[in-house]
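Descriptive structure summary
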Amino acid sequence: MPHILETQGLSRTFNGFHAVSNVNLSVQEGSIHALIGPNGAGKTTCFNLLTRFIDATAGRIRFQGQDITRTPADAVARMGLVRSFQISAVFGQLSVFENVRLALQRRRGHSMDWWRSDRALAVYDERTRELLDEAGLSAWAGHAAGELPYGRKRALELATTLALEPRVLLLDEPMAGMGAEDIAHAASLIRQAARGRTVLMVEHNLSVVADLCDRITVLARGEVLAEGDYATVSRDPRVVEAYLGHGHAGQRKHHNTRSGEEASHG
Ligand SMILES: Nc1ncnc2c1ncn2[C@@H]1O[C@H](COP(=O)(O)OP(=O)(O)OP(=O)(O)O)[C@@H](O)[C@H]1O
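Residues numbered from 1 in each chain as written. Predicted model: local features only at pLDDT ≥ 70, side-chain atom pairs only at ≥ 80, totals over all residues. Heavy atoms only, no water.

**A look at the pattern of salt bridges**
Pairing between side chains of opposite charge can happen when the charged atoms of each approach one another. Here is the rule: Any Lys or Arg side-chain nitrogen found within 4 Å of a carboxyl oxygen on Asp or Glu counts as a salt bridge. Relative accessibility under 20% of the residue-type maximum defines a buried residue, over 50% an exposed one, and the middle range a partly exposed one, all with a 1.4 Å probe and only protein chains included. Secondary structure elements are defined from DSSP: runs of H or I of at least 4 residues count as helices, runs of E of at least 2 residues count as strands, and each element is numbered from the N terminus.
Across all of its chains, the model carries 11 salt bridges by this definition. The salt bridge partner of Arg60 is Asp67, with a shortest N-O separation of 2.9 Å. Of the residues examined, Arg60 reaches a relative accessible area of 40% and is grouped as partly exposed. Between Glu227 and Arg215 there is a salt bridge, with its nearest N and O atoms 3.4 Å apart. Linking Glu227 in strand β10 (residues 223-228) with Arg215 in strand β9 (residues 215-220), this pair joins segments that are 12 residues apart in sequence. The exposure class assigned to Glu227 is partly exposed, which follows from its relative accessible area of 28%.

If you want it as structure tokens, here you go:
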């Protein structure tokens, strides 16, 4: 499979501090790829670099074979490299249905259509229903988005992001703050969302990563420490040392909370 997203020597310093250092990342088209690592490893900075929220100090980024190292963030998003919540704000007073429809309008450059008649907006209705169905939100369509329980709100955010038709979907800790039931629901949504597209996710919950992800890149202190499938990286002594903590080789640890992680690599 070809690589849809690649970096070469990607680096970012903040006042001389190396937050991301010489990262070579290759994300295969159609895969679910995880970026993991201890707190402060550089995962969020990597995401910010990839989505062009911040400039690289050195290195290159290629998306679909095109150099995007200096491409503006909005153009990168329009090319199909989209981070959840990037453009897709959820409006609490609007209904769940209206939120998804608005995201579709934006995608097609019709964001001012909100004042148009229901008939003019009806062209978006079918796709809106499909997206709500995919996100398991059909029963919530008429509810105000602000009234949704936490897990459903995250599902709505995913639906509004999918309305933008991303080729590569970047998810920043999609399971953060979720209980077991919501995690199971979110995992199946992500698996479904990954059909026909590529997903790159930062996730602290290692059991989720083990279940969902084809490939894992482990960062530590801004550098790539290891890469491979879960079985490979979880056995790597450098990963065990830096991330899982001493004496946990080969064990799958559950990291639902930040405190869980902090305890394991301190
Ligand atoms: N704007 C900034 N200015 C200065 N230092 C920064 C800035 N952004 C990030 N850093 C530093 O870069 C390092 C990497 O941070 P980053 O947020 O990318 O790590 P992370 O792996 O996402 O961590 P976490 O799991 O805690 O979210 C940290 O030491 C952080 O303090």
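**Considering unusual backbone geometry**
In the Ramachandran plot, Asn15 falls in the positive-phi region, its phi being about 50° despite a non-glycine side chain. By the element assignment, Asn15 lies in the loop between β1 (3-14) and β2 (17-28). With a relative accessible area of 86%, Asn15 lands in the exposed category.

**A look at the packing of helix α3 (residues 96-107) against helix α5 (residues 125-134)**
Filter applied, for reference: Angles shown run from 0 to 180 degrees and are taken between the N-to-C directions of axes, each axis being a line fitted to C-alpha atoms and, for helices, limited to the stretch in contact. By definition, any crossing whose near helix is turned counterclockwise from its far helix by less than a right angle is left-handed, and any crossing with a clockwise turn is right-handed. By definition, residues are in contact when any of their heavy atoms lie within 4.5 Å. Polar here means any residue outside two lists: the nonpolar Ala, Val, Leu, Ile, Met, Phe, Trp, Tyr, Cys and Pro, and the charged Asp, Glu, Lys and Arg; Gly therefore counts as polar.
Their axes nearest at 9 Å, the elements α3 and α5 cross at an angle of 115°. Judged by the sense of rotation from one axis to the other, the crossing of α3 with α5 is right-handed. Along the contact surface, α3 presents Val96, Phe97, Val100, Arg101 and Leu104, while α5 presents Asp125, Arg127, Thr128, Arg129, Leu131 and Leu132. Here the contact of α3 with α5 is built from residues that sort into six nonpolar, one polar and four charged.

**Quick look at the sheet that holds β1**
Just so we agree on the cut-off: Note: two strands are recorded as paired if DSSP finds a minimum of 2 bridges between them.
Across the sheet, which stays open at both edges, the four strands sit in the order β2-β1-β4-β5 with antiparallel pairing between neighbours. Bordering the open sheet on either side are β2 and β5 (66-67), each of which pairs with just one other strand. With five bridges joining them, β1 and strand β4 (residues 58-63) adopt antiparallel strand pairing. When the sheet's bridge partners are listed, Glu6 is paired in β4 with Arg62.

**Digging into the site of the ligand**
Short version of the rule: Nearness of a residue to a molecule or strand requires only that one of the residue's heavy atoms be within 4 Å of it. Identification of polar contacts relies on pairs of N or O atoms within 3.5 Å, with a donor-acceptor requirement for protein atoms, meaning one able to donate a hydrogen and the other able to accept it, and with residues adjacent in sequence counted only if both atoms are side-chain atoms.
Around the ligand sit 13 residues in total, of which Gly40, Gly42, Lys43, Thr44 and Thr45 are the nearest. Backbone polar atom of Gly42 to an oxygen atom of the ligand: 2.9 Å apart, as the coordinates give it. In this structure, Thr45 approaches the ligand through a side-chain N or O atom, which is 2.6 Å from an oxygen atom. Contributions of two or more residues to the shell around the ligand are made by β2 and α1 (43-50). Sort the elements by how many residues they give to the shell around the ligand and α1 lands first, with three residues. A breakdown of the residues in the shell around the ligand according to their chemical character gives five nonpolar, six polar and two charged.

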